Amino acid sequence: MGRSFSRPERMRMFMKRYVKEMSQLGVDSIGIVLLISFFIGAVICIQIKLNVQSPWMPHWVSGYVTREIMLLEFSSSIMCLILSGKVGSNIASELGTMRVTQQIDALEIMGINSASYLILPKIMGLITIMPFLVIFSAATGIIGAYATAYLAHIITPVDLTAGLQHDFNPWFMWMSIIKGFFFAFIISSVSSYMGYTVKGGSVEVGKASTDAVVCSSVLILFSDVFLTQMLS
C-alpha cells in the first residue's frame with residue numbers, strides 16, 4: 001500500500017487511467033445497482049405492509065421503515081457486498097492475469113512503479129464514484145416503493161409519502177456516504193492486493209479472484225459494525 005500511494009510519476013497518465021477506472025468500476029456498475037435497489041425497495045415496502053399490520057400502528061409505517069432500511073444499511077453495506085462480487089473479482093482477475101503473463105514485471109523493468117500505476121487509479125476511481133452509487137441506490141429503492149404503491153396498490157402513495165417524510169434525519173444519508181467511502185477502499189485495496197500478489201498460473205488467478213470477494217465481504221461486515229457504532 002505504501003508503494004501504491006506514492007506520487008504518480010506522470011500526472012497526465014494517472015488522470016487518464018483514473019477516469020478510465022471510474023468508468024469501468026463505477027459507471028458500468030450503475031445498471032446492477034439500480035436494478036437490485038429498485039426491487040429491494042419494492043419488496044421491503046410489501047413485506048412491512050403485509051407482515052407488520054396492526055390497528056395500533058399508523059399507515060405510514062411501511063414508508064418510514066423502507067426509508068430507514070435503504071438509507072442505513074442497504075444503499076451502503078448490502079450494495080457494497082454486491083459490488084465486491086462484481087468489482088472485486090474484476091480487479092483481482094485483471095491484475096492477476098497481468099502478473100502471471102509478466103506484464104507487471106515488464107513495467108518494473110522499465111522503471112515504472114507498477115503498484116502506483118495500476119492500483120492507485122482503481123482505489124481513487126472507486127472511492128470517487130461510490131457516493132453517487134449510494135445516492136442512486138437509495139433513490140431507486142424509494143422509486144421501487146412508489147412503484148409498489150401505484151401498481152400493486154399495497155399502500156397508498158399518500159401514506160408512503162408521509163412515511164418517507166416522517167422524522168427524517170439528514171445525517172443518515174451522510175452516514176451511508178461515509179460508510180461507502182470506507183467500503184470502496186476495502187473492495188479496491190483488498191482485491192488489488194490479491195491480484196497483484198498472485199503466483200502461478202490461471203488456476204491461481206481464479207483462486208485470487210474468489211479470495212478477493214470473500215475477504216472484502218468479510219472486512220465490509222466487520223467494519224460495518226464499528227462504523228455504525230461510531231457514526232451513530
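Throughout this document, residue positions are counted from 1 along each chain, in the order its sequence is written. The model is predicted, so local features are restricted to residues of pLDDT at least 70 and side-chain atom pairs to those at 80 or more, both for listing and for counting; the totals for chains, interfaces and linings are taken over all residues. Note that the side-chain values use all heavy atoms of the structure and ignore hydrogens as well as water.

Per an unreviewed UniProt entry, the chain carries the name Phospholipid/cholesterol/gamma-HCH transport system permease protein and comes from Prevotella scopos JCM 17725.

Asks: Whenever I open this one, the packing of aromatic side chains confuses me. Can you help?
Replies: To describe a pair of aromatic rings, you give the distance between the ring centres and the angle between the ring planes. Centres within 6.5 Å make a pair out of two Phe, Tyr or Trp rings, where for Trp the six-membered ring is used; the pair is then stacked when the planes are under 30 degrees apart, edge-to-face when over 60, and tilted otherwise. If you walk through the whole model with that rule in mind, you get five aromatic pairs. Pairing tryptophan 60 with tyrosine 64 gives two aromatic rings, centres 6.2 Å apart and planes at 80°, and the pair type is edge-to-face. With a 1.4 Å probe rolled over the protein chains alone, any residue whose accessible area is under 20% of its type maximum counts as buried; one over 50% counts as exposed, and the rest are partly exposed. In this structure tyrosine 64 comes out as partly exposed when scored by relative accessible area, which is 26%. Here, a charge over a ring is recorded when the distance from Lys NZ or Arg CZ to the ring centre is within 6 Å and its angle to the ring normal is within 35 degrees. Its guanidinium or amino end placed over the ring of tyrosine 117, arginine 17 lies 4.7 Å from that ring's centre, counting from NZ or CZ. Here arginine 99 stacks its cationic end above the ring of tyrosine 196, 4.7 Å away from the centre of that ring.

Asks: Which parts of the structure should I look at to understand helix α3 (residues 61–100)?
Replies: Residues spaced three or four apart along an α-helix point in a common direction, a consequence of the helix completing one turn every 3.6 residues. Each helix is a run of DSSP H or I of at least 4 residues and each strand a run of E of at least 2, with the numbering of both proceeding from the N terminus. The span you would expect from a helix comes to 1.5 Å times its residue count less one. Between its terminal C-alpha atoms α3 stretches 54 Å, which fits the 58 Å expected from 40 residues at 1.5 Å a residue. A maximum bend of about 50° is found in α3 at phenylalanine 74. Here the bend at a residue means the angle between the axes of two seven-residue stretches, the one that ends at it and the one that starts at it.

Asks: Could you clarify how one ought to interpret unusual backbone geometry in this entry?
Replies: The residue glutamine 102 is not glycine, and still its phi comes out positive at about 65°. Its location among the elements puts glutamine 102 in the loop between α3 and α4 (103–109). The exposure class of glutamine 102 is exposed, given its relative accessible area of 55%. If you check the backbone angles, aspartate 167 has positive phi at about 50° while not being a glycine. Position of aspartate 167 relative to the elements: it lies in the loop between α7 (157–165) and α8 (171–196).

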